[in-house]
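# Coordinates in review
Here is what each chain is made of, one letter per residue.
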Amino acid sequence: MTAQLDTATAPPSARRTAARRLSTRVGRVRELGIVVALALVVIPTAIVNPRFIQAQSLRDLLLNASIVALLAVGQTLVVVTRNVDLSVGSVLGLSAFLTAQQFADHPGTPLLAGIGLGVAIGLACGLLNGLLVALGNVPSLVVTLGTLYVFRGIDYALAQGRQVNAANLPDALLDLGSSRVLGIPVLVLITVVVIAVAAVYLRSYRSGRELYAIGSNPEAATLAGIPVARRTLTTFVLSGLIAGLAGALWVARYGTVDAAAGTGLELQVVAAVVVGGVAIFGGSGTVAGAALGALLLGTITSCLVVLQIPAFWQQAIAGALLLSAITVDRLLALRLAKALRTSEGTSHA
Amino acid sequence: MDRPPVVALDEVSKSFGAVRALSGVSLRLLPGEAHALLGENGAGKSTLIKTLAGVHRPDAGQVLVDGSAQRFSGPADALAAGIAIIYQEPTLFGDLSVAENVFMGRQPLGFGRRIDVAEMHARTSELFSRLGVRLDPARPARGLSIADQQLVEIAKALSFDARVIVMDEPTAALSAHEVQRLFGVVRALRDQDAAVLFVSHRLDEVFALCQRATVLRDGGFVWSGSLEGETPDSLVRRMVGRDLSQLFPKEDTTAGDVLLSVQRLTREGVFTDVSFDVRAGEIVALSGLVGAGRSEVARAVFGIDRPDGGAVVVRGRKLKYGSPTAAMAAGIGFVPEDRRQQGLVMDASIERNTALASLGRLSTFGLLRRRSERALAQDWAVKLRLKFARLSDPVGVLSGGNQQKVVLAKWLARKPSVLIVDEPTRGIDVGTKAEVHRLLSELAGQGVAVLMISSELPEVLGMADRVLVMHEGRLAEELSRAEATEERVAMAAAGQAVTR
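Chain B appears in an unreviewed UniProt entry as Monosaccharide ABC transporter ATP-binding protein (CUT2 family) from Lentzea atacamensis.

An unreviewed UniProt entry annotates chain A as Autoinducer 2 import system permease protein LsrC of Lentzea atacamensis. Of the comments in the UniProt record for chain A, the one headed Subunit (unreviewed entry) reads "The complex is composed of two ATP-binding proteins (LsrA), two transmembrane proteins (LsrC and LsrD) and a solute-binding protein (LsrB)." Reading the Subcellular location (unreviewed entry) entry of the UniProt record for chain A gives the comment "Cell membrane".

Here it is as structure tokens:
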């Protein structure tokens, strides 16, 4: 870090490379920072209670985080374009209940068809959000705050107080929630695959890069001929689709579903995304960071339980973590802006 | 002998609501030529550029590319036709790398349609070396100087072999050295047979770079031709040469005591060392180009922005920095440039808006009396001949001129001794304009010191007892009413002040 501190006195070429190094590093630093934070949380807990790092306990940790991580991937796509999707918890709830009901009422439903139903429900919800935001030009915060209640309301209306229990669900589905490949839970693997696909898409595909461009400077994106409305619509559809998938997986994982499944989850997801270094005003951040953010938040919750910290403190601590993540984000951004300003951009060839 | 134009506008007109931004403008851009687009603020240059960019669609007339009419349905179409626009404020993606900014939407692809980053960086470096500059393709665009950002935009234009490059006041924010480098790049583009449309208020630059020019005035086409045989004087005359028949009725007053004294006011990077006095009964105009720092000075005087140095003295007492409350208490009123955003609460009623700056006076024991609010509004509505249906109607339904009257009423209700008005008649019809002018003249007659910012030269010349001309953040010239002519003000604003 000292190399960057004395940028003002360094020769221009050194300053330039220093700025570049800093800027490329900051991207990685965010994810690295979360890994460090994870270690800082896990190690003391493990010292107090060694059972915390046993394989089964770690598996639970990953399993618990995987649904939030999945939603965080979809949320990242949306947030990168300077929007937000607050309806994901309700979409998950609706998808979970209807999927569970399908399996319970029609025991013969093939596993993939049932999951596909969940995905399709999510897709439809996402499409509604996307149309309202992209074509109706309504701020996404307002639209998804509205659909948060609408989707949940539909969920309650359809459920009519009923609950689907594990006893009524096919074994194939419940197996999906508990089986492992090479010791790793299948749910975690599915999440990792989704993260990987989204990461490659955002990093290496034109339309993926355009999402960053839209979030970075919406007006310039329009001037550059980027189809802003279509891309925005796509992100909401994808976020909904992923929430629908998460809903189906929720059924597999927990077995018992009522209309309240996933209530309040959206705030955890947004928190994970922000902690993971996705700028809330768009333009930067990665799905890997967001997923790590979800893992960190989940781990902290588990640690606080293991350390027998009263439940009401747990939320306060999670909140404090969120604030510090935002503070660090802001400081890094300022630092980076300063480093880039002091570095002379061009010189004559 | 002339080669056919790459891009031409043929009798293009464009209106926004009742405002006619362009009417019947033609323009021919020839390959291998730099063409200057000239005109005062509000002459329609930006609208013309946005028409070329595919942002605006013309109401009448055609955009011709290689002689055939095109209908651009968006910026993407204009880009595809080979028209690249470099806006005054470069429009880059700060979070993305320089290379991605250059190739956004057209990134070189490798295996499986994935973006080939190495190839993209290599091509970007190649473009920069063609431009004779060194810029790191991998660094983020955020933090680049304006000059470097323009180079990124130019590299972008080169990357898709743009045949027409439009530059909207590219030199406004550049140092002399950066300007020279930019000119080198533009000359090179010209020599490679690109057509360049160059917008600048700096006439020396126009002569240094361009072969041909087109002059617009009030949205209309004035002149187009070769620059050979032209002089800065002849161009300025074409730009401003409108008849001054609509005289503005500032009555002569005898200037009284100095009410507002601005002393060496400086705000870093915005304006420097600005000093002037305004006396009771005087109207002083602050003139200059958009971006010269006029509004910024007004904002600092009223305490909206905090100056870095200098003083604002009202009736011999120094004002606290950065406090509109103190400015108001000292008797300053401020009618801002953008009445919709800064001057009015659009959804609130006429009476609410009128009373907004006088709430203290209208309330008893901290409670606002609706009746006195209404009485005040009624009073001023009559005085200013406001046209309205009911005082409880939202301000938003009024015409622009009547909205401006409400803003004026708001401040006049406080009986200010110093009134700052920023573009008081922008977007107002002629009739109301004259009323606003009569009003300002009356106020001066009652001993109010008026500081008026205006981009309209006839207004400045007709209304002002003295004209202060700003150029790039400094006071370039001070002219008495007798000395002030269109040419002198325009020359000073363009940085060509006659040194006395």
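What follows deals with the interface of chain A and chain B. It is common to give the size of an interface as the accessible area that goes away when the parts come together. In this assembly, 30 residues from chain A lie in contact with 32 residues from chain B. Going through the elements one at a time, helix 2 (12-48), helix 9 (206-216), helix 10 (218-223), helix 14 (311-342) and strand 3 (347-348) of chain A are the ones with two or more residues in the side of chain A that touches chain B. For the side of chain A that touches chain B, the element with the most residues is helix 9 of chain A, which contributes 6 residues. In terms of residue class, the side of chain A that touches chain B is made up of 11 nonpolar, 12 polar and 7 charged.

Attention now moves to the packing of helix 4 (residues 88-105) of chain A against helix 6 (residues 140-159) of chain A. All names here are of chain A. One way to put it is that helix 4 packs onto helix 6 with a least axis distance of 8 Å and a crossing angle of 20 degrees. Judged on the interaxial angle alone, helix 6 and helix 4 are roughly parallel. For the pair helix 4 and helix 6, the crossing hand works out as left-handed. Seen from helix 4, the contacting residues are Ser90, Val91, Gly93, Leu94 and Phe97; seen from helix 6, they are Leu148, Phe151, Arg152, Ile154, Asp155, Leu158 and Ala159.

Time to look at the confidence of the model for chain B. Per-residue pLDDT for chain B averages 86, and the proportion of residues at 70 or more is 95%. Confidence metrics for the complex model read pTM 0.73 and ipTM 0.80.

Moving on: unusual backbone geometry. All names here are of chain B. The backbone of Arg385 shows a phi angle near 55 degrees, a positive value even though the residue is not glycine. Positionally, Arg385 belongs in the loop between helix 14 (370-383) and helix 15 (400-412). Phi is positive for Lys415, which is not a glycine, with a value near 50 degrees. Structurally, the position occupied by Lys415 is in the loop between helix 15 and strand 20 (418-422). Judged by local crowding, Lys415 falls into the exposed class, with 12 C-beta atoms found within 10 Å.

Membership of the largest hydrophobic core comes to 252 residues, with the highest contact counts inside it found for Leu71 of chain A together with Val164 of chain B. Per-element accounting of this core gives the leading share, 14 residues, to helix 11 (residues 228-254) of chain A. Inspection of this core shows a minimum of three residues originating in each of domain 1 (7-92 + 144-240) and domain 2 (258-493) of chain B. What Leu71 of chain A contacts, discounting residues up to four positions off in sequence, is Val88, Leu92, Ile242, Ala243, Ala246, Leu265 and Val269 of chain A.

Attention now goes to the sheet that holds strand 13 (residues 271-279) of chain B. All names here are of chain B. The sheet built from 4 strands is open, its strands ordered 13-12-15-16 with antiparallel pairing. Strands with a single pairing partner mark the edges of an open sheet, and in this sheet they are strand 13 and strand 16 (317-318). In this structure, strand 15 (residues 309-314) lies alongside strand 16, joined through 2 bridges in antiparallel fashion. Residue pairing in the sheet places Val313 in a bridge with Lys318 of strand 16. Its contacts with the sheet place helix 9 (residues 294-301) against strand 12 (258-267), strand 13 and strand 15, and it is angled at close to 115 degrees to strand 12.

Another aspect to go through is the sheet that holds strand 17 (residues 332-335) of chain B. Residue and element names in this part refer to chain B. Overall, mixed pairing links the 6 strands, which are arranged 17-20-21-14-22-23 in an open sheet. Each edge of the open sheet is held by one strand with a lone partner, namely strand 17 and strand 23 (474-480). If you compare each strand with its neighbour and ignore which way they point, the axes differ by 20 degrees on average. One ladder, built from 5 bridges, connects strand 20 with strand 21 (residues 449-453); its direction is parallel. Counted as the bridge partner of Val418 is Ala449 from strand 21. Strand contacts of helix 18 (residues 486-493): strand 14 (283-288), strand 22 (466-471) and strand 23, with the helix running at about 30 degrees to strand 22, the strand carrying the most contacts.

Rules of the game
- Residues numbered from 1 in each chain as written.
- Chains lettered and ligands numbered in written order.
- Predicted model: local features only at pLDDT ≥ 70, side-chain atom pairs only at ≥ 80, totals over all residues.
- UniProt positions renumbered as here; feature names shortened; annotations may be inferred.
- Contact = placed C-beta atoms within 7 Å.
- Helix = DSSP H or I, 4+ residues; strand = E, 2+ residues; numbered from the N terminus.
- Nonpolar A, V, L, I, M, F, W, Y, C, P; charged D, E, K, R; others polar.
- Axes fitted to C-alpha atoms, helices over the stretch in contact; angles between N-to-C directions.
- Parallel < 35°, antiparallel > 145°, perpendicular 65-115°, else oblique.
- Left-handed = near helix turned anticlockwise from the far one by under 90°.
- pLDDT = per-residue confidence, 0-100.
- Buried ≥ 20, exposed ≤ 12 C-beta atoms within 10 Å, placed from the backbone.
- Core = buried A, V, L, I, M, F, W, Y, C linked by C-beta atoms within 7 Å.
- Domains from an automatic or database assignment.
- Pairing = 2+ DSSP bridges.

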